[in-house]
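# Coordinate analysis (summary)
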Amino acid sequence: MDKGRRSLFERELLAKRVMEFYNTTANRDSKVTWNFFKQEGIPSSNVYSYIKKFKDSENVQFKKPAGRPAKLATTRVKNRIEKIFKTKPSTSVAVAARKVKISKSYLGEIKVHKLGIKARTKKPAPNYKPVQESRIKDCCQKLLKKMRGKVVILDDETYVPVDPSNLPGRHFFHSSDPSEVAYEEKVRKKDKFPKKYCIWQCISSHGHVSDPVVLEGNINQDIYLKNCVKAGLEAFINRFHKNDKVLFWPDLATCHYAKKVTEYLRKKNIDFVPKYINPPNVPQLRPIEKFWARSKSVYSRLQDVPDTFRKFKGRWKKITSEVAKTSGKNLMKNLRKKIELVANGGVAALAIN
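Below is a short write-up of the structure. As the structure is a prediction and not an experimental result, all values here were calculated from the model.

The rules behind the values
Residues numbered from 1 in each chain as written. Predicted model: local features only at pLDDT ≥ 70, side-chain atom pairs only at ≥ 80, totals over all residues. Heavy atoms only, no water. Helix = DSSP H or I, 4+ residues; strand = E, 2+ residues; numbered from the N terminus. Rg over C-alpha atoms; globule rule 2.2 N^0.38 Å. Buried < 20%, exposed > 50% of the residue type's maximum accessible area, 1.4 Å probe, protein only. Contact = heavy atoms within 4.5 Å. Areas by Shrake-Rupley, 256 points an atom, 1.4 Å probe, with all protein chains shown as cover. Lys, Arg positive; Asp, Glu negative; His and termini not counted. Charge placed at Lys NZ, Arg CZ, Asp CG, Glu CD. Axes fitted to C-alpha atoms, helices over the stretch in contact; angles between N-to-C directions. Parallel < 35°, antiparallel > 145°, perpendicular 65-115°, else oblique. Nonpolar A, V, L, I, M, F, W, Y, C, P; charged D, E, K, R; others polar. Pairing = 2+ DSSP bridges. Expected span 1.5 Å × (residues − 1). Arc of directions from axis to C-beta. Core = buried A, V, L, I, M, F, W, Y, C linked by side-chain atoms within 4.5 Å. Phe/Tyr/Trp six-rings, centres within 6.5 Å; stacked < 30°, edge-to-face > 60°.

So, about the overall build of the protein. Secondary structure summary: the protein contains 14 helices and four strands in total. For the protein, the C-alpha radius of gyration of 29 Å lies well beyond 20 Å, the compact-globule estimate for 353 residues. In terms of its C-alpha atoms, the protein occupies a principal-axis envelope of roughly 90 × 50 × 45 Å. Counting only residues that meet the buried cut, the protein has 38% of its 353 residues in that class. Partitioning the contacts of the protein with sequence separation of at least 6, the portion at a separation of at least 24 is 71%. Of the roughly 22,900 Å² of accessible surface on the protein, a fraction of 50% belongs to carbon and sulfur atoms. Computing the positive centroid from 76 side-chain charges and the negative centroid from 34, the protein places the two 7 Å apart.

Turning to the packing of helix α5 (residues 93–100) against helix α6 (residues 104–114), a few remarks are in order. Here α5 crosses α6 at 100 degrees, and the two axes come no closer than 9 Å. As far as their axial angle goes, α6 and α5 are roughly perpendicular. For the pair formed by α5 and α6, the contact residues are Val-93, Ala-94, Ala-96, Ala-97 and Val-100 on the first element and Lys-104, Leu-107 and Lys-111 on the second. The residue makeup of the contact of α5 with α6, split by class, is six nonpolar, no polar and two charged.

With mixed pairing, the four strands of this open sheet are ordered in space as β3-β2-β1-β4. Edge positions in the sheet fall to β3 (213–215) and β4 (246–249), since each of these pairs with one other strand and no more. The mean inter-strand angle of the sheet, taken between neighbouring strand axes irrespective of direction, is 20 degrees. Of the pairings in the sheet, the one linking strand β1 (residues 151–161) to strand β2 (residues 196–204) comprises nine bridges and is antiparallel in character. Note that in β2 the partner of Asp-156 across the bridge is Gln-201. Sheet contacts for helix α9 (residues 221–240): β1, β2, β3 and β4; angle to β2, the most-contacted strand, approximately 35 degrees.

Attention shifts here to the pairing of β1. In terms of burial, β1 is a largely internal element, 10 of the 11 residues being buried. The pairing of β1 with β4 spans four bridges and is classified as parallel. Across the sheet, residue Val-152 finds its bridge partner in β4, namely Leu-247.

As a further point, take helix α7 (residues 130–147). When the terminal C-alpha atoms of α7 are compared, their 26 Å separation across 18 residues agrees well with the 26 Å that a helix rising 1.5 Å per residue should span. Here α7 has its buried residues at Ile-136, Cys-139, Cys-140, Leu-143 and Met-147. With its buried residues spanning 110 degrees around the axis, α7 presents them on a single face. With respect to the buried face of α7, the exposed residues turned more than 90 degrees away are Pro-130, Val-131 and Lys-145. Tucked inside the fold, the buried residues of α7 contact β1, β4 and α13 (335–345). One or two positions beyond α7, positive phi appears at Gly-149, with a value near 75 degrees.

Unusually for a residue other than glycine, Arg-28 sits at a positive phi of about 60 degrees. Positionally, Arg-28 belongs in the loop between α1 (8–23) and α2 (30–38). Residues other than glycine seldom take positive phi values, yet Asn-269 does so here, at roughly 55 degrees. By secondary structure assignment, the location of Asn-269 is in the loop between α10 (259–267) and α11 (288–299). Given the relative accessible area of 70%, Asn-269 is considered exposed.

This part is about the nonpolar core. By size, the foremost hydrophobic cluster in this structure holds 63 residues, and its most contacted members are Tyr-224, Leu-233, Trp-249 and Phe-291. Contacts of Phe-291, omitting those with residues within four sequence positions, involve Gln-201, Ile-203, Val-209, Thr-320, Val-323, Ala-324 and Leu-331. Within the second largest apolar cluster, 15 residues are counted, among which are Val-18, Tyr-22, Phe-37 and Tyr-50.

Next up on the list: the packing of aromatic side chains. Under the criterion given, the structure shown has 11 aromatic pairs. Taking the centre distance of 5.2 Å and the plane angle of 85 degrees together, the rings of Tyr-197 and Phe-309 count as edge-to-face. Within this pair, whereas Tyr-197 is found in strand β2, its partner Phe-309 is found in helix α12 (residues 309–332), the two being separated by 112 residues in sequence. On the basis of relative accessible area, Phe-309 is assigned to the partly exposed category, the value being 29%.

Below, the structure is given as structure tokens:
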């Protein structure tokens, strides 16, 4: 039982035991005392606070908290709180507290410790129309059949700023007095138009990742065919999946389904997902999106800025290889399961699991 759950009598009894051990057996050694009570699961903060509070006092007694005691969490109060969150799970604690006419902290205590209701993060998802949801479900059913017995390869493009500080994310500084901290340490500077590179890569359902194709401009169908398909995708298949049946799954970008691109894929006998069964606007089903996020997170922690194109490419290749090595298989292992969920229950099934 933690400190917040002990009664006044239990805390006084524990404090008395701590002080007796500290003054006699431990010979007034705080560390020895803590190691002894550690075996009982008593937090170190409790032990040290008792020693500090009663070190020079023989009277181990706690003061009763000021004010009137809080009213008990009655069955009626608990039922009202439970009904509020069951009816509308998005209700904030502040709004629920006003409805029940109790404090936010007291309601939070009842909600978590008495009812087991915890706050959970909402997952971001596109705002689909009913027609889109129906199409996505139908596409996933057809896609699932086409994937059987094949290694799936997903590709995508993303933009990465050269300066890691221009990547989105929260940054902190630490100080007891902010006024004593230099301006440079308190702000996170961002360029209005940062220099960035366009990166193409592909990842397979086995967790392998291709070498990056790094470009200084945008991708069109000619660049995509030459640099990404011919130089990137084919080399990736020959390296990792030469003897496997593969299914190439691009997203619905215009250049990915350009006539010259699809003709080349057919010519090289690279099976790909036809446009009519490619589910639209479902980043939740494409683990490469999370792969980008993890790679950018690592890149954002770099202390030095790559000052040449070659250095940037080398740094990004090293980062994505490490991310693929540590997380590639885990990112891709539920690919078929997620598609099956949508095929059977629609996009809402992803939020349930």
